[in-house]
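Read off the chains here:
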Amino acid sequence: MKKVLAIILGGGAGTRLYPLTKLRAKPAVPLAGKYRLIDIPVSNCINSDILKIYVLTQFNSASLNRHIARTYHISGFTEGFIEVLAAQQTPENPSWFQGTADAVRQYLWLMQEWDVDEYLILSGDHLYRMDYRLFVERHRETGADITLSVIPIDEKRASDFGLMKIDDTGRIVDFSEKPKGDALKKMQVDTTTLGLTPEQAKKTPYIASMGIYVFKKEVMNELLSKSPEQTDFGKEIIPASAKDFNVQAYLFNGYWEDIGTIEAFYEANLALTQQPRPPFSFYDENAPIYTRARYLPPTKLLNSHVTESMIGEGCIIKECRINHSVLGIRTRVEAGCVIEDTLIMGADYYEPFAERHAECETDSLPIGIGANSTIRRAIIDKNARIGCDVQIINKDRVEEADREKQGFIIRNGIIVVIKNAVIPDGMVI
């Protein structure tokens with residue numbers, strides 16, 4: 001794996017995850033109470049002994065840069081590194097990154113300096129645990145120029161992905177990007193060739209790209225150099241290369257979720273609370289997910305009733321009821337609150353006791369959830385100040401709403417309270 005260079009793509013503006021991406025890059029969005037999305041691919045790389053890692057960013061990258069700088073210090077005794085490469089303007093490239101392939105192309109001069117055989121291209125907004133060693137070994141065994149990691153998928157979700165057909169050897173012979181109608185039907189394949197049972201193949205008759213690729217170094221250099229107008233791997237570079245190059249599929253049969261939308265992000269977080277076994281678990285000693293060590297105190301629970309929930313460290317929770325929810329680091333919940341089906345991201349800091357008045361009559365509300373408030377089916381971003389007797393319950397069953405000036409928006413019926421928002425006492429949403 002010393003001959004592999006990993007390139008993690010930080011994503012574009014992240015409009016589908018807005019307002020979580022209002023003040024941060026998509027890979028810096030908090031996950032599961034204490035992690036960030038970028039921790040998933042970086043941890044997978046470290047667990048796979050791939051220690052040369054570049055992270056390409058463009059939008060709102062300050063918090064992502066800070067997180068990586070504070071979290072990942074690879075020993076000086078290896079040639080490993082984790083570095084952020086932000087979009088930059090040069091005489092050859094006066095514009096910003098135009099797509100995934102263009103982002104890599106603009107830094108290709110830097111990648112080429114490393115003595116590696118393969119480039120591993122990863123996305124910064126997926127939730128999964130994968131041993132990339134098996135992926136790279138399969139790439140080498142088949143003599144592939146490019147290998148795509150793929151998953152079998154059902155008809156309901158198929159049109160959201162790039163789909164492909166393969167021959168008996170696993171070589172990809174046809175591509176279609178997010179097909180609909182008849183074009184979708186044409187992409188049906190017998191997925192038993194990937195090792196699925198007939199029963200599994202019947203449920204999942206499509207093969208979808210996960211947006212994870214291994215390229216031979218020379219092939220990447222050639223493809224990016226000869227077609228400068230092609231800016232995206234999934235839509236342009238890879239489909240165009242299927243005729244002339246050996247493009248192989250590698251079946252990934254574990255849990256994988258693209259959490260690029262508010263609804264998918266919300267569902268993936270709350271699924272972590274499932275009993276007895278969630279679809280994705282952070283409790284794997286052999287392949288841990290790393291994040292920044294914050295040295296926070298243990299969580300304090302005072303006469304509270306908590307069911308099917310995950311609670312990060314450093315929280316203070318008083319006399320309340322919490323069900324099927326995820327509470328992030330430093331969350332404060334005052335007495336009499338009810339929190340159900342909700343993701344609370346917590347806070348970046350503690351307020352000094354003098355600033356944090358217990359009474360709700362004060363002008364400046366304290367960070368956290370005020371007394372006797374009810375929150376259901378919501379995402380509360382970091383450092384939100386929610387007053388007393390607030391009801392965040394979507395009482396009118398609104399599916400979509402933009403109320404940014406009031407501190408929240410609604411997507412798919414999920415209320416998202418924006419980072420640093422202030423929701424005054426007694427407000428009903």
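Being a predicted model, the structure only gives us computed values, none of them experimental. (Residues numbered from 1 in each chain as written. Predicted model: local features only at pLDDT ≥ 70, side-chain atom pairs only at ≥ 80, totals over all residues. Heavy atoms only, no water.)

Undergrad: Could you give me a rundown of helix H1 (residues 39-47), with the residues and numbers involved?
TA: When you tally the buried positions in H1, you get eight out of nine residues, the bulk of the element. Every buried residue of H1 is listed here: Asp 39, Ile 40, Pro 41, Val 42, Ser 43, Asn 44, Cys 45 and Asn 47. Residue Asp 49 follows H1 closely and has a positive phi angle near 65°. (Buried < 20%, exposed > 50% of the residue type's maximum accessible area, 1.4 Å probe, protein only. Helix = DSSP H or I, 4+ residues; strand = E, 2+ residues; numbered from the N terminus.)

Undergrad: Outline the packing of aromatic side chains, supporting the account with residue identities and numerical values.
TA: Two aromatic rings, taken as a pair, are described by how far apart their centres are and by the angle between their planes. Counted by the stated rule, this structure contains 12 aromatic pairs. When the centroid spacing of 5.1 Å and the interplanar angle of 35° are considered together, the rings of Phe 135 and Tyr 250 count as tilted. With Phe 135 in helix H5 (residues 132-141) and Tyr 250 in strand E12 (residues 247-251), the pair connects residues that are 115 residues apart, well separated along the chain. For the pair Phe 135 and Tyr 250, a shared accessibility class is recorded, and that class is buried. A ring pair is formed by Phe 215 and Phe 233, whose centres lie 5.3 Å apart and whose planes are at 45°; its orientation type is tilted. Here the residue Phe 215 occupies a position in strand E11 (residues 206-216), and Phe 233 occupies one in helix H10 (residues 233-241), the gap between them amounting to 18 residues. Residue Phe 215 shares its accessibility class with Phe 233, and that shared class is buried. Its end group placed over the ring of Tyr 35, Lys 34 keeps NZ or CZ at 5.7 Å from the ring centre. Across the ring face of Tyr 350, the terminal group of Arg 330 is positioned such that the distance to the ring centre comes to 5.8 Å. (Phe/Tyr/Trp six-rings, centres within 6.5 Å; stacked < 30°, edge-to-face > 60°. Lys NZ or Arg CZ within 6 Å of the ring centre and 35° of its normal.)

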